[in-house]
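Understanding the architecture of this molecule
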Amino acid sequence: MKLSLLSILLGLGLGLPQIYGLANPQKLSASVRKFPRNFAAGVVLMLLGTAWFVWNVNGEPIADFSAFKPYMLAGFTAVGVASCIFVRDFLAVRGLAVLFLLLGKLMVDTGRPHLDESSFVLVIQVWAYVLIVAGIWLTVTPWKLRDFLNFATANENRVRIGCAVRLAFAVFILALGLTTFRTM
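Everything in this summary refers to the structure shown in the same document. All residue numbers here refer to positions counted from 1 along the written sequence of the relevant chain. Restriction of local features to residues with pLDDT of at least 70 applies here, the model being predicted, together with a cutoff of 80 or more for giving and counting side-chain atom pairs; totals for whole chains, interfaces and linings are based on all residues. To get the side-chain values, all heavy atoms of the structure are used, and hydrogens and water are removed first.

1. Description of the pattern of salt bridges
- By convention in these notes, a salt bridge is any Lys or Arg side-chain nitrogen within 4 Å of a carboxyl oxygen on Asp or Glu. Counting across every chain of the model gives 5 salt bridges.
- Across the pair aspartate 89 and arginine 37 runs a salt bridge whose closest N-O atoms are separated by 2.3 Å. In this pair, aspartate 89 is assigned in the loop between α4 (69-86) and α5 (91-111) and arginine 37 in the loop between α2 (25-34) and α3 (39-59), connecting sequence segments 52 residues apart.
- For lysine 105, the salt bridge identified is with aspartate 109, shortest N-O distance 2.4 Å. With lysine 105 and aspartate 109 both in helix α5, this residue pair falls 4 residues apart, about one helical turn. The secondary structure listing takes helices from DSSP runs of H or I that are at least 4 residues long and strands from runs of E that are at least 2 residues long, numbered from the N terminus.

2. Points about the environment of serine 7
- Its location among the elements puts serine 7 in helix α1 (residues 3-23).
- Not counting residues within four places of it along the chain, the set of residues in contact with serine 7 comprises Ile124, Ile173, Leu174, Gly177 and Phe181. Contacts: residue pairs with any heavy atoms within 4.5 Å of one another.

3. A few points about the packing of α1 against α2
- Helix axes are fitted to C-alpha atoms over the stretch in contact, other axes to C-alpha atoms as well, and angles between N-to-C directions run from 0 to 180 degrees. For the pair α1 and α2, interaxial distance at closest approach is 5 Å and the crossing angle is 120°. Between α1 and α2, the crossing angle belongs to the class labelled oblique. Contacts between α1 and α2 involve Tyr20, Gly21, Leu22 and Ala23 from the former and Pro25, Lys27 and Leu28 from the latter.
- Its residues assigned to classes, the contact of α1 with α2 comprises 5 nonpolar, 1 polar and 1 charged. Geometric relationships in this document are graded by angle, where less than 35 degrees denotes roughly parallel, more than 145 denotes roughly antiparallel, 65 to 115 denotes roughly perpendicular, and other angles denote oblique. In this classification, the charged set is Asp, Glu, Lys and Arg, the nonpolar set is Ala, Val, Leu, Ile, Met, Phe, Trp, Tyr, Cys and Pro, and all remaining amino acids, among them Gly, are polar.

4. Quick notes on the packing of aromatic side chains
- Pairing of aromatic rings covers Phe, Tyr and Trp, the last counted by its six-membered ring, and requires centre-to-centre distances within 6.5 Å; plane angles under 30 degrees mean stacked, over 60 mean edge-to-face, and any other angle means tilted. A complete count under the given rule lists 3 aromatic pairs for this structure.
- An angle of 80° between the planes, with centres 5.0 Å apart, marks the rings of phenylalanine 53 and phenylalanine 76 as edge-to-face. Of the two residues, phenylalanine 53 sits in helix α3 while phenylalanine 76 sits in helix α4, which places them 23 residues apart along the sequence.
- Residue phenylalanine 53 is classed as partly exposed on the basis of its relative accessible area, which comes to 34%.
- For phenylalanine 76, a relative accessible area of 30% translates into the label partly exposed.
- Taken together, a centroid distance of 6.1 Å and an interplanar angle of 70° make the contact between phenylalanine 120 and phenylalanine 172 edge-to-face. With phenylalanine 120 in the loop between α5 and α6 (121-140) and phenylalanine 172 in helix α8 (residues 156-178), this residue pair connects regions lying 52 residues apart in the sequence.
- Accessibility here uses a 1.4 Å probe with only protein chains present; expressed as a share of the type maximum, an area under 20% marks a residue as buried, one over 50% as exposed, and anything in between as partly exposed. The partly exposed category is assigned to phenylalanine 120, whose relative accessible area is 37%.
- Either the NZ atom of lysine or the CZ atom of arginine qualifies as a charge over a ring when it sits within 6 Å of the ring centre and within 35 degrees of the ring normal. Positioned above the aromatic ring of phenylalanine 39 is the side chain of arginine 88, whose terminal nitrogen or guanidinium carbon lies 3.9 Å from the ring centre.
- The cationic tip of arginine 158 hangs over the ring face of phenylalanine 151; the distance from NZ or CZ to the ring centre is 4.0 Å.

Rendered as structure tokens:
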């Protein structure tokens, strides 16, 4: 994937919910507060994360383990599906954590070859490492996301300020994808 396309997708993916949040802060607050215990969202996120992880492992040239690769893929798939069945508590947060880790990997891998072309690539790289640390932290303490979301959505003013800050960052990332990263 090209860095410009990744930046555009990241900017749009981060920005669109913020526009909704600025327009309907109460509705966004209500849905965000339900997210950590939303089982349906958890199943979707966990299965998406499992599929993405298995696809990454399948694409890796693992010469030393090539004979075991089919068993590894089956095992990883089984763990992802079993998580949906046996680890139902905060499944949405755990699925989001897996996606944060995989998205962080994609961002680092996509930006790494362009580090010498523009110092703005560091914005994507730093954001990727923030996602990776957040993914690790949420895997270990998923209830902390619930607490943070309750704090961030305690009143309309907090929701609007948070959405405005995230929207500004999303517009910046989108602008990088359309301008500075256009050739990358």
